[in-house]
Amino acid sequence: MAFMQALPGFRDFLPDDCAARNCIFARWREVARRYGFLEWDGPVLEPTELYKKKSGAEIVDQLFNFIDKGEREVALRPELTPTLARVIAAHEREFKKPLKWFSIGEFYRYEKQQRGRLREHFQLNCDIIGEASLAADVELVALCIDVLRSFGFNEKDFVVRISDRDFWTGFLREKDVSPERWDELLQAIDKSGREPREKTAEKLGKLTDPILSILKSGGKSQRLEQLVGGLRDRGLADYVGIDVSIVRGLAYYTGIVFEVFDRAGRFRAIAGGGRYDNLIAQLSDGAVSIPALGFAMGDVVLGELINETVRAREKLQNAIASSRKIDIYVVIAKEQRRADALAQIQQFRDRGYRVDYPLTSDKVGKQFQTAEQLGAHLALLFGDEWPQVKIKTLASREELLIDNHELQSHIARVLSQSS
Ligand code: HAM
């Protein structure tokens, strides 16, 4: 029999996958909060115009867009930055600057499905709005590094490749290239590492040789040196490298840009971001002009890298195991005791404990097996001992009989000591 499948590039999240996803989100959230970022979110559906205006050709080609029943041209969000710019333009006056905001959500791009790239993915977005100084760029890159360190990765596992778009726009200005062509040339530089040389040469024309030689020898920029210096002060310099071949595919970036890769170079980018000092002004037709910078980290490549890095994989598996554990499994050895057991179960759950029990009668041995499988801390046996209840600590196998009336206070004591 053929079962219906999810659409290509879309994932089903079975409980194990959901547990892993929740652990990733919890870590993202925890580190962003450590840096004083506040959580926010926007709608998943936006006017297509929002992306056509500024994201750049690559994203527009990948839009999941359609006409809704009200004849509006709409698109599922492929990224968060245009939504953020729209929201900031409307609400900026309500907040003290700089704003430090993060968001965790799902994004949709009609891409060809391949390793590390799907048609939906989750991103952590972290953005700083209203701060033009390089201190903000240093803080943002440090946050990105610390998010990855929190998963158990170190400087041998990943590298943040930092670049500066001004380096290239300065070069193009020097070569008298008109600004209308900059975008197209920057895209070609961005793709040069992934495309055959002839294709890049076709796009770069007479600039091919000078550009390729800069890419080969590496560029120099004082601002980038300063950025690395700021990270060195924090002991994070080993996590970064200057690499002017990073230009970023999105059109709105204006200054420092960066992408994060695994050191071995096996995967696509884990995260990417940079400065977009003009986007808010452009989207608000000049009404609000405010500098901004940010990055997004996706869950797909991150998940692959976690799986292939023993340290990170074990850390995630431990986090999943402890997130699943329950406090109490109630073993109903005699069906006459079911009502008494349920009265206690209700109270335990009201107190916030995680409690499970068999919905229908089952052999006592099987019930203990289930208790073990669920990682229960305690098993409570309701049976022949009534009105006493047998408490078994599953790890130590210790057993104790407690009067039913004292059960709640006794368990509260035991579980508060163990947590
Ligand atoms: P981006 O480089 O397009 O940047 O995406 C950021 C990350 O999202 C990528 O490094 C990758 O991990 C993940 N990602 C992107 N597309 C896919 C896909 N099709 N499948 C799986 N993962 C994917 C942005 O989105 C910018 N808006 C980031 C930003 C925030 N810039 C400033 N603030």
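Each remark here, short or long, concerns the structure printed above.
The shown structure was predicted, so the numbers you read here are calculated from the model rather than taken from an experiment.

Draft legend 1. Just the packing of aromatic side chains, in detail. Evaluation of the coordinates by the stated rule reveals 16 aromatic pairs. Arranged with centres 6.0 Å apart and planes meeting at 75 degrees, the rings of Phe13 and Phe122 form a pair that is edge-to-face. Separated by 109 residues along the polypeptide, Phe13 in the segment before helix 1 (15-34) and Phe122 in strand 6 (residues 120-129) bring together distant segments of the chain. Centre to centre, the rings of Tyr252 and Tyr253 are 4.8 Å apart; their planes meet at 55 degrees, and the pair counts as tilted. Judged by relative accessible area, which is 7%, Tyr253 ranks as buried.

Draft legend 2. Highlighting the sheet that holds strand 13 (residues 355-356). Pairing is mixed in the open sheet, where 5 strands are placed in the order 13-12-14-15-16. A strand with exactly one partner marks an edge of an open sheet, and here the two such strands are strand 13 and strand 16 (399-403). In this fold helix 14 (residues 338-350) packs onto strand 12 (328-332), strand 13 and strand 14 (378-382), with an angle of close to 170 degrees to the strand it touches most, strand 12.

Draft legend 3. Spatial organisation of the nonpolar core. If you look at the biggest cluster of nonpolar residues, it comprises 56 residues, and the most contacted ones within it are Trp28, Met297 and Leu302. The leading source of residues in this core is helix 5 (residues 134-149), at 11 residues. Not counting residues within four places of it along the chain, the set of residues in contact with Met297 comprises Trp28, Phe122, Gln123, Leu124, Cys144, Val147, Leu148, Ile270, Ala271 and Leu302. Core analysis: the next-biggest nonpolar cluster, separate from the first, contains 29 residues, Leu63, Leu84, Ile88 and Ile129 among them.

Draft legend 4. Helix 7 (residues 182-191), seen in detail. Burial runs high along helix 7: 7 of the 10 residues are buried. Residues of helix 7 that are buried include every one of Trp182, Leu185, Leu186, Gln187, Ala188, Ile189 and Asp190, and no others.

Draft legend 5. Local environment of the pairing of strand 12. Of all 5 residues making up strand 12, 5 are buried, and the element is well covered by its neighbours. Of the two faces of strand 12, the one carrying Ile328, Val330 and Ile332 and the one carrying Tyr329 and Val331 are both buried. Bridge analysis of strand 12 against strand 13 gives 2 bridges, and the strand direction is parallel. When the sheet's bridge partners are listed, Ile328 is paired in strand 13 with Val355. The parallel pair strand 12 and strand 13, bridged by helix 14, forms a crossover whose chirality is right-handed. Bridge analysis of strand 12 against strand 14 gives 5 bridges, and the strand direction is parallel. Counted as the bridge partner of Val331 is Leu381 from strand 14.

Draft legend 6. Broad picture of the site of the ligand. Taken together, 26 residues surround the ligand, and among them Glu79, Thr81, Glu111, Leu118 and Tyr253 come closest. Measuring from a nitrogen atom of the ligand, one finds a side-chain N or O atom of Asp127 at 2.8 Å. The contact in question runs from an oxygen atom of the ligand to an N or O atom on the side chain of Arg248, over 2.9 Å. Taking 660 Å² as the accessible area of the ligand by itself, protein coverage stands at 97%. Going through the elements one at a time, strand 6, strand 10 (271-275) and strand 11 (292-298) are the ones with two or more residues in the shell around the ligand.

Draft legend 7. Looking closely at the side chain of Asp262. As for its position among the elements, Asp262 is in strand 9 (residues 256-262). Among buried charged residues, Asp262 stands out as having no salt bridge; its nearest opposite-charge side chain is Arg266, 4.1 Å away. At 3.0 Å, the side chain of Asp262 and the backbone nitrogen of Phe267 are in polar contact. Setting aside residues no more than four positions away along its own chain, Asp262 makes contact with Asp157, Phe158, Phe267, Ile270 and Leu305.

About the criteria used
- Residues numbered from 1 in each chain as written.
- Predicted model: local features only at pLDDT ≥ 70, side-chain atom pairs only at ≥ 80, totals over all residues.
- Heavy atoms only, no water.
- Phe/Tyr/Trp six-rings, centres within 6.5 Å; stacked < 30°, edge-to-face > 60°.
- Helix = DSSP H or I, 4+ residues; strand = E, 2+ residues; numbered from the N terminus.
- Buried < 20%, exposed > 50% of the residue type's maximum accessible area, 1.4 Å probe, protein only.
- Pairing = 2+ DSSP bridges.
- Contact = heavy atoms within 4.5 Å.
- Axes fitted to C-alpha atoms, helices over the stretch in contact; angles between N-to-C directions.
- Core = buried A, V, L, I, M, F, W, Y, C linked by side-chain atoms within 4.5 Å.
- Right-handed = clockwise from strand over helix to strand, strands pointing away.
- Near = heavy atom within 4 Å.
- Polar contact = N/O pair within 3.5 Å; in protein donor to acceptor, adjacent residues only side chain to side chain.
- Areas by Shrake-Rupley, 256 points an atom, 1.4 Å probe, with all protein chains shown as cover.
- Lys, Arg positive; Asp, Glu negative; His and termini not counted.
- Salt bridge = Lys/Arg side-chain N within 4 Å of Asp/Glu carboxyl O.

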